[in-house]
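Listed below, chain by chain, are the residues.
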Amino acid sequence: MQPSGHRLRDVEHHPLLAENDNYDSSSSSSSETDMADRVWFIRDGCGMVCAVMTWLLVVYADFVVTFVMLLPSKDFWYSVVNGVLFNCLAVLALSSHLRTMLTDPGAVPKGNATKEYLESLQLKPGEVIYKCPKCCCIKPERAHHCSICKRCIRKMDHHCPWVNNCVGEKNQRFFVLFTMYIALSSVHALILCGLQFISCVRGQWTECSDFSPPITVILLIFLCLEGLLFFTFTAVMFGTQIHSICNDETEIERLKSEKPTWERRLRWEGMKSVFGGPPSLLWMNPFVGFRFRRLQLRPRRGGPEFSV
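Residues numbered from 1 in each chain as written. Predicted model: local features only at pLDDT ≥ 70, side-chain atom pairs only at ≥ 80, totals over all residues. Heavy atoms only, no water.

- By the naming in an unreviewed UniProt entry, the protein chain is Palmitoyltransferase, taken from Sciurus vulgaris.
- In UniProt, the protein chain has this text filed under Subcellular location (unreviewed entry): "Membrane".
- Listed in UniProt under the heading Sequence similarities (unreviewed entry), the comment for the protein chain reads: "Belongs to the DHHC palmitoyltransferase family." (UniProt positions renumbered as here; feature names shortened; annotations may be inferred.)

## A look at the packing of helix α2 (residues 45-70) against helix α3 (residues 76-102)
Right, so step 1: Contact pair α2 / α3: the axes reach a minimum separation of 10 Å and the direction vectors enclose 175°. Looking at the two axes, α2 sits roughly antiparallel to α3. Every residue of α3 that contacts α2 at A51, T54, W55, V58, A61, D62, V65, T66 and L70 is listed here: Y78, S79, N82, G83, F86, N87, A90, L94, H97, L98 and M101.
Right, so step 2: Grouping the amino acids of the contact of α2 with α3 by side-chain chemistry returns 12 nonpolar, seven polar and one charged. (Axes fitted to C-alpha atoms, helices over the stretch in contact; angles between N-to-C directions. Helix = DSSP H or I, 4+ residues; strand = E, 2+ residues; numbered from the N terminus. Parallel < 35°, antiparallel > 145°, perpendicular 65-115°, else oblique. Contact = heavy atoms within 4.5 Å. Nonpolar A, V, L, I, M, F, W, Y, C, P; charged D, E, K, R; others polar.)

## Considerations on the UniProt feature "transmembrane region" (unreviewed entry) in the protein chain
Right, so step 1: Under the UniProt annotation, "transmembrane region" (unreviewed entry) lies at residues 45-70, 76-94, 174-198 and 218-238.
Right, so step 2: This span, residues 45-70, is 100% helix and 0% strand, and a straight line between its end C-alpha atoms measures 36 Å.
Right, so step 3: Structurally, residues 76-94 comprises 100% helix and 0% strand, and the distance from its first C-alpha atom to its last is 27 Å.

## Side note on helix α8 (residues 268-275)
Right, so step 1: Within the span of α8, buried status applies to G270, M271, V274 and F275. Axial view of α8: buried residues confined to an arc of 115°, hence all on one face.
Right, so step 2: Those residues of α8 that are buried lie in contact with α5 (172-202) and α6 (213-247). (Buried < 20%, exposed > 50% of the residue type's maximum accessible area, 1.4 Å probe, protein only. Arc of directions from axis to C-beta.)

## Considerations on the environment of V65
Right, so step 1: Following the sequence through the fold, V65 ends up in helix α2.
Right, so step 2: If sequence neighbours within four positions are ignored, V65 has contacts with L70, F86, A189, L192 and L223.

## Quick look at the pairing of strand β6 (residues 151-154)
Right, so step 1: When strand β5 (residues 143-146) meets β6, the two strands line up antiparallel, connected through four bridges. Within the sheet, the bridge partner assigned to H144 lies in β6 and is I153. (Pairing = 2+ DSSP bridges.)

## As for unusual backbone geometry
Most peptide bonds take the trans configuration, and most residues that are not glycine carry a negative phi.
Right, so step 1: Here the phi dihedral of K155 falls at roughly 50°; this positive angle occurs in a residue that is not glycine.
Right, so step 2: Assignment of secondary structure puts K155 in the loop between β6 and β7 (158-160).
Right, so step 3: On the accessibility criterion, K155 (21% relative accessible area) is partly exposed.
Right, so step 4: Phi is positive for N164, which is not a glycine, with a value near 50°.
Right, so step 5: By the secondary structure assignment, N164 is in the loop between β7 and β8 (165-167).

## Some remarks on a nonpolar patch on the surface
Right, so step 1: A cluster of nonpolar residues, F76, W77, V80, V81 and V84, forms a patch on the protein surface that exposes about 530 Å² of accessible area.
Right, so step 2: As for its placement among the helices and strands, W77 is situated in helix α3.
Right, so step 3: The exposure class assigned to W77 is exposed, which follows from its relative accessible area of 60%. (Patch = residues over 30% accessible without salt bridge, like charges linked within 9 Å, V, L, I, M, F, W, Y side chains within 5 Å. Areas by Shrake-Rupley, 256 points an atom, 1.4 Å probe, with all protein chains shown as cover. Salt bridge = Lys/Arg side-chain N within 4 Å of Asp/Glu carboxyl O.)

## Overview of the packing of aromatic side chains
Right, so step 1: Counted by the stated rule, this structure contains six aromatic pairs.
Right, so step 2: For the pair F275 and W283, a centre-to-centre distance of 5.3 Å together with 20° between the ring planes defines the contact as stacked.
Right, so step 3: Residue W283 is classed as buried on the basis of its relative accessible area, which comes to 9%. (Phe/Tyr/Trp six-rings, centres within 6.5 Å; stacked < 30°, edge-to-face > 60°.)

## A look at the side chain of Q172
Right, so step 1: Turning to its location among the elements, Q172 is positioned in helix α5.
Right, so step 2: Polar side-chain contacts of Q172 include one of 2.9 Å to the side chain of Q241.
Right, so step 3: The residues touching Q172, leaving out its near neighbours within four places in the chain, are D157, V167, Q241, I245 and V274. (Polar contact = N/O pair within 3.5 Å; in protein donor to acceptor, adjacent residues only side chain to side chain.)

In structure tokens:
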């Protein structure tokens, strides 16, 4: 029981950090003030491989669409319109992927479970707060600990290896945009593949592509399989995310059947809280709020992430 009358709970019933523990409270306050100036990145082997694979698959799709289907086409405007459209979708998808991967999802500062911090919270007598025994932080409401990021994440929905990051309070909008643009580009690629097959069957295979017929068929088949898999996965994830946002309930809260103790923001209010402001075209822009940062490697203790 703390002198202020509030109670501290955690899973393993760890006490508060003592004054002689290896934690500097000033470092916590400074880390909070300059968090916005850092680029978040998780050093997870599986996540980095999945992220690189995502980029390579998008680049492969762009190569097939551009060099196998559009450039050999005799219809100039067909090639220009579809080329611009597909490449714009690809750029928006990869930009959304980068913003999701390099944005702090809402990590709670490590080691802030100190007496000084508790006193600054001005808690009411008898109020219960929770401390994470793994990263030694005071857990805000709806925060969950990620075993891969080694941090507690506010409104954590899930950890996605394909973006090598958690999907949380601060980067959920970028993850939604990523799934949306990948789904749209997959549909576009599948339509172009269908039109290309029809064109090649009706005409001469040697004239519908600059590549040999066997190579053309193999490239188109792989693109069709990739488009089907990407569309299925991202369309399901997009629908799940929109449903979670409209119900103001994360995937973890839904799976754990947690009863809401917070005031829910339903439907449009939930969308406004995630995407920011009233409905507009800015909701679909992954570059909103982006600013260049000075690259500076900063070593961090006790976690797999680093900042630049």
